[in-house]
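Architecture and fold: a report
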Amino acid sequence: MIQNASARVVRDFSGRWRVIVDPYEAGYRGFHGNPWPFGFFRDAEPRPGLAEYDFDRSELLEVPGDWNSQDPRLLYYEGTLWYQTRFRLEEQPGVRRFVHFGAANYHAMVWLDGKPLGEHEGGFTPFAFELPGAGTAGEHVLTVKVDNTRRREAVPTVSTDWWNYGGLTREVSLLEVPETFVREYTVGLDRPGRVRAQLVLDGPRLRQMVQLRIPQAGLEVSGETDDDGRLELVAEAQLERWTPAQPRRYRVEITSETDTIAETVGFRTVRALGTRILLNDEPIFLRGVSLHEESPFGPGRAWSEEHARTLLGWAVELGCNFVRLAHYPHNETMVRVAEELGLLVWAEIPVYWNIAWDHAPTLDCAKAQLGEMIARDRNRCAVILWSLSNEAPATEARQAFLSELAGHARVLDPTRLLTSALFARLDEDAETMVIDDPVGEHLDVMGCNEYLGWYYREPEEMDRIRWSSPYEKPLIMSELGAGAVAGRHGDESTPFTEEHQAHVYRKQIGMLRRIPFLAGLSPWILKDFRSPRRVLPGTQDGWNRKGLVSDRGLRKRAFGVLREWYQELAGQE
Ligand code: GCU
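In short, a report on the structure. What you see as residue numbers is a count from 1 along each chain, following the sequence as written. It should be noted that, the model being predicted, local features are given only for residues of pLDDT at least 70 and side-chain atom pairs only at 80 or more, the latter also being counted only at that level, while totals for whole chains, interfaces and linings use all residues. The basis for every side-chain value is the complete set of non-hydrogen atoms in the structure, without hydrogens or water.

1. Description of the environment of Ser-159
The helix and strand labels rest on DSSP assignments: H or I over at least four residues marks a helix, E over at least two residues marks a strand, and numbering proceeds from the N terminus. Tracing the backbone through its elements, the reader meets Ser-159 in the loop between strand 9 (138-147) and strand 10 (172-178). Once the C-alpha coordinates of Ser-159 and Glu-305 are considered, the two residues, 146 residues apart in sequence, prove to be 30 Å apart. Note on definitions: a residue-residue contact is assigned when non-hydrogen atoms from the two residues lie within 4.5 Å. With sequence-adjacent residues up to four places away left out, Ser-159 is seen in contact with Tyr-352, Trp-353 and Arg-533. At 3.1 Å, the side chain of Ser-159 forms a polar contact with the side chain of Arg-533. Polar contact is defined as a pair of N or O atoms within 3.5 Å, subject to the rule that within protein one atom must be able to donate a hydrogen and the other to accept it, and that residues adjacent in sequence are counted only when both atoms are side-chain atoms.

Quick look at the structure:
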């Protein structure tokens, strides 16, 4: 991982790339399925003049961008697609160069001039490969094979309730760094009034003097890295702490003898105490909403700053101080804009529904995605919760898997809260919802997805429903809601009308007010989103309609119902 990669970009490969759709992987596998020498990445011909592909005369697709929403022929396409772009490099002594990907869904293999640079599994986290010899001057060809085939042992697995958008879904760029550079760093408060920073250098000169500066706070502290290029710095500092109401951030500069890196960071503390979440030692109630990383107007992965500002602007309009970015790490811009707007963040890896819990490579893959998510966003003060899973069935194998994952997360980042979106069960009295999923013991905060009034029970029954849990921990109702077609009206009992959705929200809010250990919520969901599971003609047509905003940006009645409650809550702060 290269920290704060966007500060190292010298070339942005955004634009139209040549592509080849390759469902049979002819560009990679020979007749018997093994990689063969005449692959599309090689520019090699079985015999002179007999190349059976030609990127330069092939179709073009935008990068960043999923392929499904760019071409109706690719809407349902799952499989391999090849990307190729050409670029020129100038001689640049004393630098190292990396090609960096914000993400590629799902499995990517990368070649430079026909030579393999590396491969990456996981559709929602960044990766980078160093160019050998800093990338010699001259013309170069970058070829990327992306395969979004769903597989049982993958993370996520074969069944989800979102569109499996494939491709180079986020920015691709060329990074340049000094021979020895600050590869990773963490900076934050380890207690009120004290800044702690850890960093590691990468390169031939690992022992260096390094200085940390926060000019606006008059903080300067320095030290020497050890033989492994590692250094920890601690300093007392009077900093205004980041809060949703005052999302104050500071410019932080780290300067070594060979490198300088800077970014804007907020400082806050977060912990759980009993059934409360404390931000800067003050109890906070999380007024949230869940969202998918889908562009605000129409289908397709969201990737740009404009997408983020539109989606998160709707959350702010709703009265939120919190967003659940579901069910996978969203792009870095989304998280940075949330931080700027004063929105706390629940970030999650796609351990979703019933993955292959007892398959060791699946655990390794989940751990890798968790590690990449934490490494990328470790300096984002807006992120307060790492979510390990969503609606995972309570089995032995799952328990072992998630406890291992929780242990891994605590080692990687002991400063944030761990959570998961769990199920509750109805008690014998049929009026008490109980959250006692055994994985709760590994969590700091319980998340719970419930669809009372939609998938089960009548909305009115929520007037009598109580909630309990043996865990003395804060609860975030991570999903609740109902479907509605924007502009469809009728009586409160008719599903998919705006009136019914609003009615379910009113009943939910009535019930939620009575849960003593509720510390927040993130209703499902901010905006209607594409899902191949949603096929009801004239109503869903490939869209999950639980949005408070339609796929055309129309606010549904329930949007107002929730905003009204959030305004009331904000008024009580
Ligand atoms: C589940 C799941 C979501 C899904 C939602 C729904 O709880 O976590 O991914 O979209 O329910 O059914 O709409």
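Further notes follow.
2. Digging into the packing of helix 1 (residues 305-318) against helix 6 (residues 557-572)
Relative orientation and spacing of two packed helices are given, respectively, by the angle between their axes and the distance between those axes. Contact geometry of helix 1 with helix 6 gives a least axis separation of 8 Å together with a crossing angle of 60°. Compared by their axis directions, helix 1 and helix 6 come out oblique. The segment helix 1 lies against helix 6, with Trp-314, Glu-317 and Leu-318 engaging Phe-559, Leu-562, Arg-563 and Tyr-566. Looking at the contact of helix 1 with helix 6 residue by residue, the classes come out as five nonpolar, no polar and two charged. Axis definition: a line fitted to C-alpha atoms, limited for helices to the stretch in contact. Angles are taken between N-to-C directions and run from 0 to 180 degrees. For this classification, under 35 degrees means roughly parallel, over 145 means roughly antiparallel, 65 to 115 means roughly perpendicular, and everything else is oblique. Amino acid classes used here: Ala, Val, Leu, Ile, Met, Phe, Trp, Tyr, Cys and Pro are nonpolar; Asp, Glu, Lys and Arg are charged; the rest, including Gly, are polar.

3. Describing the site of the ligand
The rule for a residue being near a molecule or strand is that one of its heavy atoms must lie within 4 Å of it. Of all residues adjacent to the ligand, which total 14 residues, the nearest are Asp-161, Tyr-352, Glu-391, Tyr-455 and Glu-479. Between the ligand and Asp-161, the relevant distance is 2.5 Å, taken from an oxygen atom to a side-chain nitrogen or oxygen of the residue. One of the side-chain N or O atoms of Glu-479 is found 2.5 Å from an oxygen atom in the ligand. Note on areas: Shrake-Rupley, 1.4 Å probe, and residue coverage restricted to the protein chains presented here. For the ligand, the protein covers 96% of the area, taking 320 Å² as the surface of the free molecule. Partitioned by chemical class, the residues of the shell around the ligand number five nonpolar, four polar and five charged.

4. Points about the nonpolar core
Joining through side-chain atoms within 4.5 Å is the link that ties buried Ala, Val, Leu, Ile, Met, Phe, Trp, Tyr and Cys residues into a set, and such a set is a nonpolar core. Exposure classes here rest on a 1.4 Å probe applied to the protein chains alone. A residue is buried below 20% of its type maximum, exposed above 50%, and partly exposed in between. Of all hydrophobic cores here, the largest spans 104 residues; its most connected members are Val-351, Leu-405, Trp-467 and Met-477. Here this core gets seven residues from one element, more than from any other, and that element is helix 6. With sequence-adjacent residues up to four places away left out, Val-351 is seen in contact with Val-155, Trp-357, Ala-366, Leu-388, Ser-389, Asn-390, Phe-401, Leu-402 and Leu-405. Ranked by size, the runner-up nonpolar core spans 28 residues in total, among them Phe-13, Leu-61, Tyr-77 and Val-144.

5. A word on the side chain of Thr-85
As for its placement among the helices and strands, Thr-85 is situated in strand 4 (residues 80-89). Residue class for Thr-85 comes out buried when judged on its relative accessible area of 14%. Look past the residues within four positions of Thr-85 in its chain and what remains in contact with it is Phe-13, Trp-17, His-140, Val-141 and Leu-142.

6. Side note on helix 4 (residues 396-412)
Residues spaced three or four apart along an α-helix face the same direction, because each turn holds 3.6 residues. Helix span, as expected, comes to 1.5 Å for every residue beyond the first. A rise of 1.5 Å per residue sets the reference length of helix 4, with its 17 residues, at 24 Å; its end C-alpha atoms lie 25 Å apart and thus fit the reference within 8%. When we look at burial in helix 4, the residues that qualify are Arg-398, Gln-399, Phe-401, Leu-402, Leu-405, Ala-406 and Ala-409. All buried residues of helix 4 project into a common sector of 165° when viewed along the axis, lining one side. Exposed residues pointing more than 90 degrees away from the buried face of helix 4 are listed as Glu-396 and Val-411. Its buried side turned inward, helix 4 meets helix 3 (360-377), strand 24 (383-390) and strand 25 (417-422). The reported arc concerns the directions from the helix axis to the C-beta atoms and nothing else.

7. Digging into the sheet that holds strand 12 (residues 194-202)
Strand pairing follows a simple DSSP-based rule, namely that at least 2 bridges must link the two strands. What the three strands build is an open sheet, ordered 11-12-15; its pairing is antiparallel. With partners counted over all chains shown, the strands left at the sheet margins are strand 11 (181-191) and strand 15 (230-236), one partner each. Adjacent strand axes in the sheet meet at a mean angle of 15° when their direction is disregarded. Where strand 11 meets strand 12, nine bridges bridge the pair, whose relative direction is antiparallel. Pairing of Phe-181 across the sheet is with Asp-202, part of strand 12.

8. A word on the packing of helix 3 against helix 4
Running from N to C, helix 3 and helix 4 cross one another at 30°; their axes reach a closest spacing of 10 Å. The angle between helix 3 and helix 4 places the two elements in the roughly parallel class. Crossing handedness for the pair helix 3 and helix 4: right-handed. Residue-level contacts link Thr-362, Leu-363, Ala-366, Lys-367, Leu-370, Gly-371 and Ile-374 of helix 3 to Phe-401, Glu-404, Leu-405, His-408, Ala-409 and Leu-412 of helix 4. Taken together, the residues of the contact of helix 3 with helix 4 break down into eight nonpolar, three polar and two charged. By definition, any crossing whose near helix is turned counterclockwise from its far helix by less than a right angle is left-handed, and any crossing with a clockwise turn is right-handed.

9. Considering the sheet that holds strand 8 (residues 127-130)
Sheet architecture is open: four strands sit in the order 1-10-5-8, paired in antiparallel fashion. The open sheet has two edge strands with one neighbour each: strand 1 (9-12) and strand 8. Within this sheet the neighbouring strands show an average axis-to-axis angle of 25°, counted without direction. Of the strand pairs in this sheet, strand 5 (residues 95-101) and strand 10 are connected by seven bridges, and their pairing is antiparallel. In the sheet register, Phe-98 faces strand 10, and the bridge partner there is Leu-175.

10. Examining helix 3
The end-to-end C-alpha separation of helix 3 is 26 Å, in line with the 26 Å expected for 18 residues at 1.5 Å each. With respect to burial, helix 3 is a largely interior element, 14 of its 18 residues being buried.

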